[in-house]
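Structural features, examined
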Amino acid sequence: RVVTLTHKGTSVAPHASDAFHNTAFHGFVPQEGPGDAAVLPGWMLPQPDAGSFALSPATAGLYPDYRVLNVTLAPSTTQLEISPSSLQIPAAHGMCSFGVYVRSGSPGAVSVTMRSRGGGMVSSHYSGAGEWQFVGSSGLFDRSTGPQPTFDVYSNAEITAPSFLFGSVPPTPGAELLSASGAKM
């Protein structure tokens, strides 16, 4: 009998300190027809009229165990949001850092936002160089609402290896085998 206390539900777990669930994008169910929404365990994806989602195999040059989520905006969509479906907020922390790897041909394709103590906090946008780039943010978050991390997508993009850490540690995505991730068995 194996009991995991991580609630990640995947065979590949994120970094032991990562608070996001399912950062390797396992269990993806694509849209099956008009009006059907794609499902990605651990993540809230927008309604199908906002855009479409597809999963690609992992990128060997970046993180070989992480799948790539391809986001294609609908013609009438100027922005869509991808956010975690749940995030446990420990009482001991008031600071966090998070981000995601992005690749797109469009400058400003993706940014990350969170609720800070002074309102919204936005990172730098993706530069649009056509190469993988980490887009991230860190800072003090609003304790009453939690950080509410969101990936804002403004143009077609590929995203992979999201990471979220509490404290002042930089986000450090990277797959580890379940037996090495700190899960209790």
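Structure: see above.
Described in the following lines is the structure provided in the data block. (Residues numbered from 1 in each chain as written. Predicted model: local features only at pLDDT ≥ 70, side-chain atom pairs only at ≥ 80, totals over all residues. Heavy atoms only, no water.)

1. Overview of the packing of aromatic side chains
Applying the stated criterion across every chain, the model contains ten aromatic pairs. Between the aromatic rings of Phe141 and Phe166, the centroid separation amounts to 5.9 Å while the plane-to-plane angle is 65°, which identifies the pairing as edge-to-face. Taken together, the residues Phe141 in the loop between strand S9 (133-140) and strand S10 (150-153) and Phe166 in strand S11 (residues 157-166) connect sequence positions 25 residues apart. (Phe/Tyr/Trp six-rings, centres within 6.5 Å; stacked < 30°, edge-to-face > 60°. Helix = DSSP H or I, 4+ residues; strand = E, 2+ residues; numbered from the N terminus.)

2. Quick notes on the pattern of salt bridges
The final tally for this structure, using the stated rule, is one salt bridge. We note a salt bridge from Arg103 to Glu158, for which the minimum N-O separation is 2.8 Å. Highlighted residues: Arg103 in strand S6 (residues 95-103) and Glu158 in strand S11, separated in sequence by 55 residues. With relative accessibility at 27%, the residue Arg103 sits in the partly exposed group. (Salt bridge = Lys/Arg side-chain N within 4 Å of Asp/Glu carboxyl O. Buried < 20%, exposed > 50% of the residue type's maximum accessible area, 1.4 Å probe, protein only.)

3. Topic: the environment of Val169
Secondary-structure assignment places Val169 in the loop between S11 and strand S12 (176-177). Since its relative accessible area comes to 43%, Val169 is described here as partly exposed. Counting along the chain gives 152 residues from Val169 to Ser17, while the straight-line C-alpha distance between them is 9.8 Å.

4. Section: the environment of Leu87
Structurally, the position occupied by Leu87 is in the loop between strand S5 (80-84) and S6. Taking C-alpha positions, Leu87 is 8.2 Å from His21, a pair spaced 66 residues apart along the chain. When neighbours within four sequence positions are excluded, Leu87 is seen to be in contact with Ala19, Phe20, Pro147, Pro149 and Phe164. (Contact = heavy atoms within 4.5 Å.)

5. Overview of the sheet that holds strand S3 (residues 51-56)
What the five strands build is an open sheet, ordered S3-S4-S11-S6-S9; its pairing is antiparallel. Of all strands in the sheet, those bounded by a partner on one side alone are S3 and S9. Between one strand axis and the next, the sheet turns by 30° as a mean value, whatever way the strands run. Of the strand pairs in this sheet, S6 and S11 are connected by seven bridges, and their pairing is antiparallel. Paired with Arg103 across the bridge in S11 is Glu158. (Pairing = 2+ DSSP bridges. Axes fitted to C-alpha atoms, helices over the stretch in contact; angles between N-to-C directions.)

6. Things to note about the nonpolar core
Phe53, Leu69 and Ile82 are the most contacted members of the largest nonpolar core, which has 33 residues in total. Only strand S4 (68-73), S5, S6, strand S7 (110-116), S10 and S11 provide two or more residues apiece to this core. With residues up to four places along the chain from it excluded, the contact list for Leu69 reads Phe25, Phe28, Leu40, Leu45, Phe53, Ala54, Leu55, Ile82, Ala157, Glu158 and Ile159. Core analysis: the second largest hydrophobic core is formed by six residues, Ala24, Tyr66, Trp132 and Ala161 among them. (Core = buried A, V, L, I, M, F, W, Y, C linked by side-chain atoms within 4.5 Å.)

7. Focus on the side chain of Ser163
Inspection of the secondary structure puts Ser163 in strand S11. The exposure class of Ser163 is buried, given its relative accessible area of 0%. For Ser163, the side chain forms a polar contact with the side chain of Asp18, separated by 3.3 Å. (Polar contact = N/O pair within 3.5 Å; in protein donor to acceptor, adjacent residues only side chain to side chain.)

8. Describing unusual backbone geometry
Comment: phi is negative for the bulk of residues other than glycine, and the bulk of peptide bonds are trans. In this structure, Gln148 is a non-glycine residue whose phi angle is positive, near 45°. Within the secondary structure layout, Gln148 lies in the loop between S9 and S10. Judged by relative accessible area, which is 41%, Gln148 ranks as partly exposed. Of note, the phi angle at Ala161 is positive, near 50°, even though the residue is not glycine. Mapped onto the elements of the fold, Ala161 is located in strand S11. Overall, Ala161 belongs to the buried group, its relative accessible area being 0%.

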